[in-house]
Amino acid sequence: MKILIIGASNNLGQKLIEYFSPRNKTLGTFYSSSINSFTYKNIVHLDIERYQITEKFILEFKPDVVIYLSQFKAKQPDQVVINKEYNINCNALKNVASICSTLNVKIIYLSTDHVLNTQTNIFQDESNMPKPINSFASSKLDAENFLKEHIPNHIILRSPYIYGHTLNRKEHDFFGSVLNSIIHKTELKVDNIIKRQFTLSDDFEQINKVILIQTGYGVNYIENKIIKNLNQEDGLSITNYHR
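Residues numbered from 1 in each chain as written. Predicted model: local features only at pLDDT ≥ 70, side-chain atom pairs only at ≥ 80, totals over all residues. Heavy atoms only, no water.

## So, the overall build of the protein
In step 1: Across its full length, the protein holds 6 helices and 11 strands.
In step 2: Looking at the protein as a whole, 47% of its 243 residues are labelled buried.
In step 3: Sequence-distant contacts in the protein: of pairs separated by 6 or more residues, those separated by 24 or more amount to 65%. (Helix = DSSP H or I, 4+ residues; strand = E, 2+ residues; numbered from the N terminus. Buried < 20%, exposed > 50% of the residue type's maximum accessible area, 1.4 Å probe, protein only. Contact = heavy atoms within 4.5 Å.)

## Focus: the pairing of strand β4 (residues 65–68)
In step 1: A two-sided burial pattern is seen for β4, the buried positions comprising Val65 and Ile67 on one face and Val66 and Tyr68 on the other.
In step 2: In the sheet, strand β1 (residues 2–6) pairs with β4 via 4 bridges, with the strands oriented parallel. In the sheet register, isoleucine 5 faces β4, and the bridge partner there is isoleucine 67.
In step 3: As defined by bridge partners, β4 adjoins strand β5 (residues 106–110) across 4 bridges and the pair is classed as parallel. Across the sheet, isoleucine 67 pairs through a bridge with isoleucine 108, a residue of β5.
In step 4: Traced from β4 through helix α3 (residues 79–103) to β5, the parallel crossover comes out right-handed. (Pairing = 2+ DSSP bridges. Right-handed = clockwise from strand over helix to strand, strands pointing away.)

## Observations concerning unusual backbone geometry
In step 1: Its identity as a non-glycine residue notwithstanding, lysine 62 has a phi of 55°, on the positive side.
In step 2: With respect to the helices and strands, the residue lysine 62 is situated in the loop between α2 (51–61) and β4.
In step 3: Classification of lysine 62 as exposed rests on a relative accessible area of 58%.
In step 4: Look at asparagine 104: it is not a glycine, yet its phi comes out positive at around 60°.
In step 5: Within the secondary structure layout, asparagine 104 lies in the loop between α3 and β5.
In step 6: According to the relative accessible area criterion, asparagine 104 is exposed, its value standing at 61%.

## What about the nonpolar core?
In step 1: Within the largest apolar cluster, 27 residues are counted, with the highest numbers of intra-cluster contacts made by Leu4, Tyr68, Val96, Ile107 and Leu147.
In step 2: Considering every element that reaches this core, the biggest residue donor is α3, with 8 residues.
In step 3: If sequence neighbours within four positions are ignored, leucine 4 has contacts with Leu27, Thr29, Phe57, Ile58, Phe61, Pro63, Val65, Val66 and Ile67.
In step 4: Residues Leu16, Ile17, Ile43 and Leu110 belong to the second largest nonpolar core, which totals 18 residues. (Core = buried A, V, L, I, M, F, W, Y, C linked by side-chain atoms within 4.5 Å.)

## Considering the side chain of aspartate 47
In step 1: Following the sequence through the fold, aspartate 47 ends up in the loop between β3 (43–45) and α2.
In step 2: Within the buried set, aspartate 47 has no salt-bridge partner at all; the shortest N-O distance to an opposite charge, 4.8 Å, is to arginine 50.
In step 3: Looking at aspartate 47, its side chain comes within polar contact range of the main-chain nitrogen of glutamate 49, at 3.0 Å.
In step 4: Look past the residues within four positions of aspartate 47 in its chain and what remains in contact with it is Tyr31 and Thr54. (Lys, Arg positive; Asp, Glu negative; His and termini not counted. Salt bridge = Lys/Arg side-chain N within 4 Å of Asp/Glu carboxyl O. Polar contact = N/O pair within 3.5 Å; in protein donor to acceptor, adjacent residues only side chain to side chain.)

## Some details on the pattern of salt bridges
In step 1: Under the definition given, this model contains 4 salt bridges.
In step 2: Between glutamate 49 and lysine 84 there is a salt bridge, with the nearest N and O atoms lying 2.8 Å from each other. Placement of the pair is glutamate 49 in the loop between β3 and α2 and lysine 84 in helix α3, with a sequence separation of 35 residues.
In step 3: Judged by relative accessible area, lysine 84 falls into the partly exposed class, the value being 29%.
In step 4: With its nearest N and O atoms 4.0 Å apart, the salt bridge here joins glutamate 144 to lysine 148. Of the two residues, glutamate 144 and lysine 148 both sit in helix α4 (residues 135–150), 4 residues apart, roughly one turn of that helix.
In step 5: Here glutamate 144 falls in the buried class, since its relative accessible area comes to 0%.
In step 6: One salt-bridge network, in which partners are shared between bridges, spans Glu144, Lys148 and Arg158.

## A word on the packing of α3 against α4
In step 1: Where α3 meets α4, the closest approach of the two axes is 9 Å, and the angle between their N-to-C directions is 15°. Between α3 and α4, the angle falls in the class roughly parallel. Of the two possible hands of crossing, α3 and α4 adopt the one that is right-handed. Judged by residue contacts, Ile82, Glu85, Tyr86, Asn89, Cys90, Leu93, Lys94, Ala97 and Ser98 of α3 engage Ser135, Phe136, Ser139, Lys140, Asp142, Ala143, Phe146 and Leu147 from α4.
In step 2: Grouping the amino acids of the contact of α3 with α4 by side-chain chemistry returns 9 nonpolar, 4 polar and 4 charged. (Axes fitted to C-alpha atoms, helices over the stretch in contact; angles between N-to-C directions. Parallel < 35°, antiparallel > 145°, perpendicular 65-115°, else oblique. Left-handed = near helix turned anticlockwise from the far one by under 90°. Nonpolar A, V, L, I, M, F, W, Y, C, P; charged D, E, K, R; others polar.)

Have a look at this one:
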């Protein structure tokens, strides 16, 4: 099986590269100006906002599965930044998904629990109606809806915050910020409005086989079994919703 991971330089992407490479022909992509300062395997540069180049890249590699992890979150209410957020989270996904549909290739899309109302309910499943809490979540939900309406062979993974060890320890994420604050005994200000749980990136390895061979399509909501235990899969809880 040939697996293409788009956006493989993040924490989860590195874990999937490590997991799949010994078992399958695996290729990952990145887009980062600081990538040369880290050690990566099987990862090449790709600007997914350049649609024709992306199409040529996918057609040449001819994957059996595409895992779309690329995402961008606007950190300030600037329209230019918000537009980039939407382009990467939704428009670029539409381009990749359309190519996958032409090739009859399964696409797996990493979404977020932010498409649901995490401000009022700490426990989530697919019975909850989507209610995006910010522009990031809205772009993710629009991407989900496109897949549901136009791409038959798709899997959507909704997960709370993903954390874990990564080769790229300079990665500026929330979990890294918490660790740095603890280590250096510095103040860290966070809001107390959005209630979220964490998903260990290593746990995704436990569901990879299930997701890749799954013949159905739809949404999978992933949480740690300590928090919710609906359909247990070797330590990770997965709720499935298929149309």
